[in-house]
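In case you want the letters, here they are:
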Amino acid sequence: MRVTPCQAALAGAISLNLLLLYCTWRGPGGSPPPSCRPPRGVPGVTVLLREFEDFENDLAGTARSFASLPVPVVVVAETPPYPPVPLPPGVGLFLLHPKADRPPPLAHPELYIHTRHVALVPDGARAAPGLLERMREVLEDKAGDTRLVVAPVGSTPLRCLDLRLEPRAWTVRYSPGSPALCRAVEGPAVLLLRTRDLFTLPFPLARPVLTALFIQAAFRGWGLHLMTTAFPTPRRPPLSPHSRWKAENLLETRRRRLMRDLGVKREVLADGGERWYGCNKETARCFGTVYARTPQYLLSGRWTPPCCLRALRETAQHVTTILEAAGIRYWLEGGSLLGAVRLGDIIPWDYDVDLGIYREDIGKCRWLAAAAVGEQVEDPQGFLWEKAAEGDFYRVHYSRSNRLHVDLWPFYPRGGVMTKDTWLGHPQDVEFPESFLRPRVPLAFAGFTAMAPNDARRFLELKFGPGAIEKPEYPNPDVRRLGQD
């Protein structure tokens, strides 16, 4: 069949209109299909608006200001902002949260960002002509590990902070920094980085945005450059008291979720304060059942979470105070004595505290006496006393919910040798001469003074072997050795 020029032109027009219609379609999250976008990696900056609150925001004004540059502007949110925000034409909306009755959102938002650079802009910022481009030029001119460029928003200067990670201790430390040593900033800021860098991060769009990116950058050794020129802000009335309360609560919730995802249990702030994100008296402990004397965190190259060490210190001090008041003779045992001699503290990878007691003294303490007849008793401070299911010894738990504990091992003398009735097969689980306890001596441990055998070195070498103090090792080297970290 012969096609006339008129028919060919008509078919071409129809095809073009269909292509244009397809390219104006917006899929899940309101973003056009990637096949209608320019090639990936083109010069320029895409602005992402991520840090805003639904209940009180300047999202429309911020989007309108940056879209006027012009640059691509995308609002990123879990769900559509409510109350609805009238976004300017051309501003995209990318939704992260799936809905049961709709196709899932696209798993890779980076497929919808085709510029080489991306800027994360906080709510309320206004565009400054040429400043995004200057930030991009600074980033490209910088040599070495500089991967982030930050500019302040508003008239208040940003505060530079040094940021140090202690992954093995689940800790992030901040200290006052300088432009030459700046790994994080305090204050509202625009952050620019390469698109490929942003989307190689495991949590590229997590909130709080700046905290999330600074910590993930620190894990990778990325440097930061601070600009002095600021993005302006409009005059806005302050948040209402109710909105401020909501914003503070949401910030705390998001921060806790972020730290859980990043594996951070404690932040040490530049002013010396601390934020804790791990377990407490009302929650379960941060790790599960311990197999072969090796907690799961050791297999991950980490040590005992700091919240757990804090709880163990508190429990140990509480128990020793009760024992001393009741006249029960006790002493640091096993790994706890080893930690006291080495560090004056709990060994950083230990998961309980061990104390020896004279069996004949048990009746002097009402909580131990009750546990000895099978009762599980909670003292007025919320510590839980019980007899261990594994044998003839006792446990004092941090709380009914949080089972971090101190083990109390009842020994008794037999022919000048201290022995007991339950042996669990641990290498240090051996008898010893009673002369080590005559007298017992005070020893610094975990922030207080505890009682200990009178010749700690000889006692520990009897338990663990020669050189035990100078040669630290994990509880079960056959499963995991200290040198493997």
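Residues numbered from 1 in each chain as written. Predicted model: local features only at pLDDT ≥ 70, side-chain atom pairs only at ≥ 80, totals over all residues. Heavy atoms only, no water.

1. Considerations on the overall build of the protein chain
In terms of helices and strands, the protein chain carries 11 helices and 22 strands. Taking 2.2 N^0.38 as the reference for a compact globule, 485 residues should give roughly 23 Å; the C-alpha atoms of the protein chain span a radius of gyration of 31 Å, well beyond that estimate. Projected onto its principal axes, the C-alpha positions of the protein chain cover 115 × 60 × 45 Å. Restricting to contacts in the protein chain with at least 6 residues of sequence separation, those with at least 24 account for 66%. With the model as given, the accessible surface of the protein chain reaches about 23,600 Å², and the carbon-plus-sulfur share is 55%. Mean positive and mean negative side-chain charge positions of the protein chain (60 and 51 charges, respectively) differ by 6 Å. (Helix = DSSP H or I, 4+ residues; strand = E, 2+ residues; numbered from the N terminus. Rg over C-alpha atoms; globule rule 2.2 N^0.38 Å. Contact = heavy atoms within 4.5 Å. Areas by Shrake-Rupley, 256 points an atom, 1.4 Å probe, with all protein chains shown as cover. Lys, Arg positive; Asp, Glu negative; His and termini not counted. Charge placed at Lys NZ, Arg CZ, Asp CG, Glu CD.)

2. Some remarks on the sheet that holds strand S5 (residues 146–152)
Backbone hydrogen bonds hold the strands of a sheet together, and the pairing may be parallel or antiparallel. Spatially, S3-S2-S1-S4-S9-S5-S10 is the arrangement adopted by the 7 strands of the open sheet, whose pairing is mixed. Whereas interior strands pair on both sides, the edge strands pair on one side only; in this sheet they are strand S3 (92–95) and strand S10 (223–226). Pairwise comparison of adjacent strand axes, ignoring direction, gives a mean angle of 25° for this sheet. Lying on the sheet, helix H3 (residues 131–141) is in contact with strand S1 (42–49), strand S4 (115–121), S5, strand S9 (189–194) and S10; it crosses S9 at an angle near 45°. Sheet strands touched by helix H5 (residues 209–220): S4, S5, S9 and S10. Its angle to S9, the strand with the most contacts, is close to 40°. (Pairing = 2+ DSSP bridges. Axes fitted to C-alpha atoms, helices over the stretch in contact; angles between N-to-C directions.)

3. Description of the sheet that holds strand S7 (residues 171–176)
If you trace the 5 strands from one edge of the open sheet to the other, you get S8-S6-S7-S11-S12, paired in mixed fashion. Two strands in the sheet have a free side with no partner beyond their single neighbour: strand S8 (184–186) and strand S12 (274–276). Between one strand axis and the next, the sheet turns through 25° on average, direction left out of account. Here strand S6 (residues 159–166) pairs with S7 via 6 bridges, running antiparallel. Looking at S7, one finds that Glu-166 is bridged to Thr-171.

4. So, the side chain of Asp-379
Structurally, Asp-379 can be placed in the loop between strand S15 (377–378) and strand S16 (384–387). No salt bridge forms around the buried Asp-379; measuring N to O, its nearest opposite-charge neighbour Lys-281 is 6.8 Å away. Within polar-contact distance, the side chain of Asp-379 engages the side chain of His-318 at 2.6 Å. Here the side chain of Asp-379 touches Trp-385 through a polar contact of 2.9 Å, side chain to side chain. Discounting residues that sit within four places of it in the chain, Asp-379 has contacts with His-318, Trp-367 and Trp-385. (Buried < 20%, exposed > 50% of the residue type's maximum accessible area, 1.4 Å probe, protein only. Salt bridge = Lys/Arg side-chain N within 4 Å of Asp/Glu carboxyl O. Polar contact = N/O pair within 3.5 Å; in protein donor to acceptor, adjacent residues only side chain to side chain.)

5. Some thoughts on the state of the cysteines
Within the structure shown, the criterion is met by 1 disulfide. Through a disulfide, Cys-160 is tied to Cys-182; the S-S separation comes to 2.4 Å. Taking the torsion about the S-S bond as the criterion, the Cys-160 to Cys-182 disulfide, at about -100°, is left-handed. Of the two residues, Cys-160 sits in strand S6 while Cys-182 sits in the loop between S7 and S8, which places them 22 residues apart along the sequence. This pair shows no difference in class: Cys-160 is buried, exactly as Cys-182 is. Residue Cys-308 stays outside any disulfide, its sulfur separated by 3.7 Å from that of Cys-279, the closest cysteine. (Disulfide = S-S within 2.5 Å.)

6. Notes on the packing of H5 against helix H6 (residues 241–262)
The N-to-C vectors of H5 and H6 enclose an angle of 15°; their axes lie 11 Å apart at closest approach. What the angle tells us is that H5 and H6 run roughly parallel. Considering how the two elements wind past one another, H5 and H6 form a crossing that is right-handed. Between H5 and H6, the contacting residues are Thr-211, Ala-212, Ile-215, Gln-216 and Phe-219 on the first element and Arg-255, Leu-258, Met-259 and Leu-262 on the second. Residues of the contact of H5 with H6, tallied by class, amount to 6 nonpolar, 2 polar and 1 charged. (Parallel < 35°, antiparallel > 145°, perpendicular 65-115°, else oblique. Left-handed = near helix turned anticlockwise from the far one by under 90°. Nonpolar A, V, L, I, M, F, W, Y, C, P; charged D, E, K, R; others polar.)

7. Concerning the environment of Arg-244
One can find Arg-244 in helix H6. Measuring from C-alpha to C-alpha, the distance between Arg-244 and Trp-367 comes to 47 Å, with 123 residues separating the pair along the chain.

8. As for the packing of helix H9 (residues 334–343) against helix H11 (residues 456–464)
Two measures define how a pair of helices packs: the angle their axes make with one another and the distance between the axes. Two numbers describe how H9 lies on H11: the axes approach to 10 Å, and their chain directions differ by 140°. On the basis of their axis angle, the class for H9 and H11 is oblique. Relative to H11, H9 is oriented so that their crossing is left-handed. Contacts between H9 and H11 pair Gly-334, Gly-335, Leu-337, Leu-338 and Val-341 from the former with Ala-456, Phe-459, Leu-460 and Phe-464 from the latter. For the contact of H9 with H11, the residue count by class is 7 nonpolar, 2 polar and no charged.

9. Regarding the domain arrangement of the protein chain
Domain parsing of the protein chain yields domain 1 (42–226) and domain 2 (296–484). Taken together, the contact between domain 1 and domain 2 spans 5 residues of the former and 7 residues of the latter. Taken together, both faces of the contact between domain 1 and domain 2 bury some 580 Å²; the carbon and sulfur share is 61%. Counting across the domain 1 and domain 2 interface gives 0 salt bridges. Inspection of the domain 1/domain 2 interface yields 3 residue pairs in polar contact (both at pLDDT 80 or more). Looking at the side of domain 1 that touches domain 2 residue by residue, the classes come out as 3 nonpolar, 1 polar and 1 charged. (Domains from an automatic or database assignment. Buried area = accessible area lost by both parts, 1.4 Å probe.)

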